[in-house]
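Listed here are the chains, written in short residue letters.
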Amino acid sequence: MTDRRTQLADNLARVEERIASACAAAGRPREEVTLIVVTKTYPASDVRLLSELGVRHVAENRDQDAAPKAAECTDLPLSWHFVGQLQTNKVRSVVKYADMVHSVDRKRLVTALSTAAVRAGRELGCLIQVALDTESGAAEGTTGPRGGVAPEGVLPLADALAAAEGLRPAGLMTVAPLTGPYAGRPGAAFDRLMEIATDLRAAHPTANMVSAGMSADLEEAVAAGATHVRVGSAVLGVRPRLG
Ligand SMILES: *Cc1c(COP(=O)(O)O)cnc(C)c1O
């Protein structure tokens, strides 16, 4: 029976190998891609082990779980990323520990995050979550089942982020769609995300993060040009419950 630390170290090594091969295959330097380990549903003790093993970026998707976990880990040199759908009544809590929010998908959230960030005296990097489930429909308010704004809603939201105190537009995030024209084609979805990212950078040159790729499709994301991959189960194991 292997202990948890060894298990996590082995899994991390395998994920690192996958990222390195994907970078090599794409002709990209390894340093262009940052690994974010998604620790949702796993305990603070795992976060601590991951930190000891060299992980510097962790992500969570539910404030109820993330807030106490982050509070137990304030002594660790970690950046916390919030990647879940975010309700405005949770932003006051989230801005206390999150350095990055990947799931900005509506104006109201920008306003709420800005107010909370200013109040907390923090500056927050914000990624706009793009829903690629459908390519049609109106911009704002057209969110996919798992959150996200339609592609045409990205620039208006980026402008709002740039104008908001305490926030800065940092880039784009997506989850490979389960429905619509990109279902089962993560590579095509991530290529589309990169086109949108290019348009975004033209308007906001520092918004250059592209957060895409999870345990099942990190290779496709790296091939497309992702700068950040969000990997959960390949590092921590299959989650004990939905999350
Ligand atoms: C859970 C989650 C991940 C990680 O998914 P795995 O398949 O476990 O690697 C990445 N991004 C978001 C937004 C998530 O909710």
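None of the values given here were measured: they were computed from a predicted structure.

1. As for the overall build of the protein chain
Tallying secondary structure elements over the protein chain gives nine helices and eight strands in all. Relative to its length of 243 residues, the protein chain is compact, with a C-alpha radius of gyration of 17 Å against a globular reference of 18 Å. C-alpha extents for the protein chain along the principal axes are approximately 55 × 40 × 30 Å. Across the 243 residues in the protein chain, those meeting the buried criterion constitute 51%. Put simply, of all contacts in the protein chain between residues at least 6 apart along the chain, 59% involve residues at least 24 apart. Here the protein chain displays about 10600 Å² of accessible surface, and carbon together with sulfur accounts for 53% of that area. Of note, the protein chain has its 27 positive side-chain charges centred 5 Å away from the centre of its 28 negative side-chain charges.

2. So, the site of the ligand
The environment of the ligand is formed by Val38, Lys40, Val83, Met214, Ser215, Arg230, Val231, Gly232, Ser233 and Arg239. Within the side chain of serine 215, one N or O atom sits 2.5 Å away from an oxygen atom of the ligand. The contact in question runs from an oxygen atom of the ligand to an N or O atom on the backbone of serine 233, over 2.8 Å. Protein contact buries 88% of the 390 Å² of open area that the ligand shows by itself.

3. Brief notes about the pairing of strand S6 (residues 167-173)
With respect to burial, S6 is a largely interior element, six of its seven residues being buried. As paired strands, S6 and strand S7 (residues 209-211) are joined by three bridges and run parallel to one another. Residue pairing for S7: methionine 173 is matched across the bridge by serine 211. At this point the chain moves from S6, through helix H7 (residues 186-203), to the parallel S7, and the crossover so formed is right-handed.

4. Observations concerning the nonpolar core
The nonpolar side chains of a soluble globular protein tend to be buried with one another. Counting 72 residues, the largest nonpolar core has Leu113, Leu167, Leu172 and Val235 as its most contacted members. Here this core gets seven residues from one element, more than from any other, and that element is H7. Non-local contacts of valine 235, meaning those with residues more than four positions away in its chain, are made with Leu8, Asn11, Leu12, Val15, Val37 and Leu50. With five residues, the next largest nonpolar core counts Met100, Leu127, Ala170 and Met209 among its residues.

5. Side note on the packing of helix H6 (residues 154-163) against H7
At a minimum axis distance of 10 Å, the contact between H6 and H7 shows a crossing angle of 35°. Crossing angle aside, the handedness with which H6 passes H7 is right-handed. On the side of H6, the interface is formed by Val154, Leu155 and Ala158, while H7 contributes Ile196, Asp199, Leu200 and Ala203. Residues that form the contact of H6 with H7 fall into these classes: six nonpolar, no polar and one charged.

6. Points about the environment of leucine 109
Counting through the fold element by element, leucine 109 comes out in helix H5 (residues 107-120). Residue class for leucine 109 comes out buried when judged on its relative accessible area of 0%. Sequence-wise, leucine 109 and glutamate 32 are 77 residues apart; in three dimensions their C-alpha atoms are separated by 29 Å.

7. Topic: the side chain of threonine 39
Mapped onto the fold, threonine 39 is located in the loop between strand S1 (34-38) and helix H2 (44-52). Among all residues touching threonine 39, those that are not within four sequence positions of it are Val47, Leu50, Val58, Ala59, Glu60, Lys69 and Leu236.

8. Some remarks on the environment of valine 222
Relative to the elements of secondary structure, valine 222 occurs in helix H8 (residues 218-224). By relative accessible area, valine 222 is classed as buried at 0%. Taking the C-alpha atoms as reference points, valine 222 and valine 149, separated by 73 residues in sequence, lie 22 Å from one another. Those residues in contact with valine 222 that sit more than four places away from it in its chain are Ala22, Cys23, Ala26, Arg28, Val33 and Val229.

Conventions and cut-offs
- Residues numbered from 1 in each chain as written.
- Predicted model: local features only at pLDDT ≥ 70, side-chain atom pairs only at ≥ 80, totals over all residues.
- Heavy atoms only, no water.
- Helix = DSSP H or I, 4+ residues; strand = E, 2+ residues; numbered from the N terminus.
- Rg over C-alpha atoms; globule rule 2.2 N^0.38 Å.
- Buried < 20%, exposed > 50% of the residue type's maximum accessible area, 1.4 Å probe, protein only.
- Contact = heavy atoms within 4.5 Å.
- Areas by Shrake-Rupley, 256 points an atom, 1.4 Å probe, with all protein chains shown as cover.
- Lys, Arg positive; Asp, Glu negative; His and termini not counted.
- Charge placed at Lys NZ, Arg CZ, Asp CG, Glu CD.
- Near = heavy atom within 4 Å.
- Polar contact = N/O pair within 3.5 Å; in protein donor to acceptor, adjacent residues only side chain to side chain.
- Pairing = 2+ DSSP bridges.
- Right-handed = clockwise from strand over helix to strand, strands pointing away.
- Core = buried A, V, L, I, M, F, W, Y, C linked by side-chain atoms within 4.5 Å.
- Axes fitted to C-alpha atoms, helices over the stretch in contact; angles between N-to-C directions.
- Left-handed = near helix turned anticlockwise from the far one by under 90°.
- Nonpolar A, V, L, I, M, F, W, Y, C, P; charged D, E, K, R; others polar.

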